[in-house]
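Chain residues, written in single-letter form:
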Amino acid sequence: MTPQAKLIFTASLLLGTTITISSNHWIMAWAGLEINTLAILPLISKSHHPRAIEAATKYFLTQAAASALVLFSSMTNAWHTGQWDITQLTHPTSCLILTSAIAMKLGLAPFHFWFPEVLQGAPLTTGLLLSTAMKFPPITLLFMTSPSLNPTLLTCMAILSTALGGWMGLNQTQVRKILAFSSISHLGWMTIIISYAPKLTLLNFYLYALMTTAVFLTLNSIKTLKLSTLMTTWTKTPALSAMLFLTLLSLAGLPPLTGFLPKWLIIQELTKQDMAATAIMISLLSLLSLFFYLRLAYCATITLPPHTTNHMKQWRTNNRTSTMIAILTVSSTMLLPISPMLPPIL
């Protein structure tokens, strides 16, 4: 792909995201989502591999269906209330349809099946965009409409997401699929709190995006796509592998790393809302995803177990470990001490 084409698609992604997050009218939000979908498709299918073409097709079909549902829900609401404003979504049927549409856009259970397949077919850099930037516009729509949506439905979907994200990631050997299930699990944490403390959802999303970016850029730097190649990288880039280990544990939400901060605040808020049982359930379900993060971390640093998988050993990697990875990994592991500054913001 030529640099000019990349520039056009990246600019379109920025434009689509900006239009959606800054719009008050449903049609503008829908137009931004469509621009985003069309801009990311060439980036998914740029390798022309059959797996990449399949991923792009699946992505297009699910996103087109979700966009149609967004339009349908906003039109139904406008028909009954005369309002096109995003924050004025009051009709119950529209709220239900919109919840399904945004769940489909985000890859939230039970509409999550497309996400691991698409991420597996896309290159690592595009996978990073799909896991972070492409989730920002739907999250902002969820944020703006959260007072109107059904909290019980969102809680059920969130618990299902955390359970399925952890459960289905246990048996994976492909790193991109593991990160896809990790994303589904994190979305569960974001959704469970959106009706009660929407700013916590955004904080969780920002920190998740920070940690996932660090992991994807590290994997891209060491050219790793599956666990068997991850096992051999620690001999070549030991410092980077050690930081990847810490970033993965942070993504799992272990104290005293950054990833513990949103989980701690969400559990605290759920307890305040008399939802202690829900908090216990989602905390226990996140132990499932902790298992596959530990597997990744184990393969990245701790030891090289005996294995008979045939794979190409890399002679060396490009040792241009960028400043960006350094900044992101430090932020992904050391932001917990800022937590006393957060209560005024939240």
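Going by the annotation in an unreviewed UniProt entry, the name recorded for the protein chain is NADH-ubiquinone oxidoreductase chain 2, with Pterorhinus chinensis given as the source organism. Turning to the protein chain, the UniProt annotation filed under Function (unreviewed entry) states: "Core subunit of the mitochondrial membrane respiratory chain NADH dehydrogenase (Complex I) which catalyzes electron transfer from NADH through the respiratory chain, using ubiquinone as an electron acceptor. Essential for the catalytic activity and assembly of complex I."

A. The arrangement of the domain arrangement of the protein chain in detail. Domain boundaries assigned for the protein chain yield domain 1 (1-123) and domain 2 (150-345). Domain 1 and domain 2 are separated by 24 Å when their C-alpha centres are compared. With 17 residues of domain 1 at the interface, the matching set in domain 2 holds 19 residues. Summing both sides of the interface, domain 1 and domain 2 together bury roughly 1500 Å²; the carbon and sulfur share of this comes to 75%. On the surface where domain 1 and domain 2 come into contact, there are 1 salt bridge. In this structure, Glu117 engages Lys177 in a salt bridge whose closest nitrogen and oxygen atoms are separated by 3.5 Å.

B. Structural view of the environment of Ser182. Mapped onto the fold, Ser182 is located in helix H9 (residues 175-193). On the basis of relative accessible area, Ser182 is assigned to the buried category, the value being 1%. The sequence separation of Ser182 and Leu227 amounts to 45 residues, and the corresponding C-alpha distance is 15 Å. In contact with Ser182, not counting residues within four places along its chain, are Leu251, Phe292 and Tyr293. Among the polar contacts listed, one links the side chain of Ser182 to the side chain of Tyr293, at a separation of 2.7 Å.

C. Focus on helix H15 (residues 323-334). Look at H15: 16 Å from first C-alpha to last across 12 residues, which is about the 16 Å you get at 1.5 Å a residue. Ile325, Leu328, Thr329, Ser331, Ser332 and Thr333 are the residues of H15 that are buried. Elements that come into contact with the buried residues of H15 comprise helix H10 (198-221) and helix H12 (238-252).

D. Representation of the nonpolar core in the model. The biggest cluster of nonpolar side chains holds 97 residues, and the ones touching the most others in it are Ile44, Tyr59, Leu130 and Leu230. In terms of residue count, H10 provides more of this core than any other element does, 12 residues in total. Both domains that furnish three or more residues to this core are identified here as domain 1 (1-123) and domain 2 (150-345).

E. Looking closely at a nonpolar patch on the surface. A grouping of Ile27, Met75 and Trp84 is seen on the molecular surface, where their side chains present a nonpolar patch of about 260 Å² in accessible area. Residue placement: Met75 occurs in helix H3 (residues 50-81). Classification of Met75 by relative accessible area gives partly exposed; the value is 46%.

F. Quick peek at the pattern of salt bridges. According to the stated counting rule, one finds 3 salt bridges in the structure shown. Of the charged contacts, one joins Glu117 and Lys58 as a salt bridge, the two residues approaching to 3.7 Å between their closest N and O atoms. Taken as a pair, Glu117 in helix H5 (residues 114-121) and Lys58 in helix H3 lie far apart in primary sequence, 59 residues in all. Classification of Glu117 by relative accessible area gives partly exposed; the value is 31%. What you see here is one network of salt bridges that share partners, running through Glu54, Lys58, Glu117 and Lys177.

G. View of the UniProt feature "transmembrane region" (unreviewed entry) in the protein chain. Using the residue numbers shown here, the UniProt feature "transmembrane region" (unreviewed entry) corresponds to residues 56-76, 96-115, 152-171, 178-197, 203-222, 234-255, 275-294 and 322-342. Helix makes up 65% of residues 96-115 and strand makes up 0%, while its end C-alpha atoms are separated by 22 Å. Structurally, residues 152-171 is divided into 90% helix and 0% strand, and its ends, taken at the C-alpha atoms, are 30 Å apart.

H. Region of interest: the side chain of Ser45. With respect to the helices and strands, Ser45 occurs in the loop between helix H2 (26-44) and H3. Given a relative accessible area of 18%, Ser45 falls into the buried group. Within polar-contact distance, the side chain of Ser45 engages the backbone oxygen of Leu41 at 3.1 Å. Apart from the residues within four sequence positions on either side, Ser45 is in contact with Ala52, Ile53 and Ala56.

Conventions adopted
- Residues numbered from 1 in each chain as written.
- Predicted model: local features only at pLDDT ≥ 70, side-chain atom pairs only at ≥ 80, totals over all residues.
- Heavy atoms only, no water.
- UniProt positions renumbered as here; feature names shortened; annotations may be inferred.
- Domains from an automatic or database assignment.
- Contact = heavy atoms within 4.5 Å.
- Buried area = accessible area lost by both parts, 1.4 Å probe.
- Salt bridge = Lys/Arg side-chain N within 4 Å of Asp/Glu carboxyl O.
- Helix = DSSP H or I, 4+ residues; strand = E, 2+ residues; numbered from the N terminus.
- Buried < 20%, exposed > 50% of the residue type's maximum accessible area, 1.4 Å probe, protein only.
- Polar contact = N/O pair within 3.5 Å; in protein donor to acceptor, adjacent residues only side chain to side chain.
- Expected span 1.5 Å × (residues − 1).
- Core = buried A, V, L, I, M, F, W, Y, C linked by side-chain atoms within 4.5 Å.
- Patch = residues over 30% accessible without salt bridge, like charges linked within 9 Å, V, L, I, M, F, W, Y side chains within 5 Å.
- Areas by Shrake-Rupley, 256 points an atom, 1.4 Å probe, with all protein chains shown as cover.

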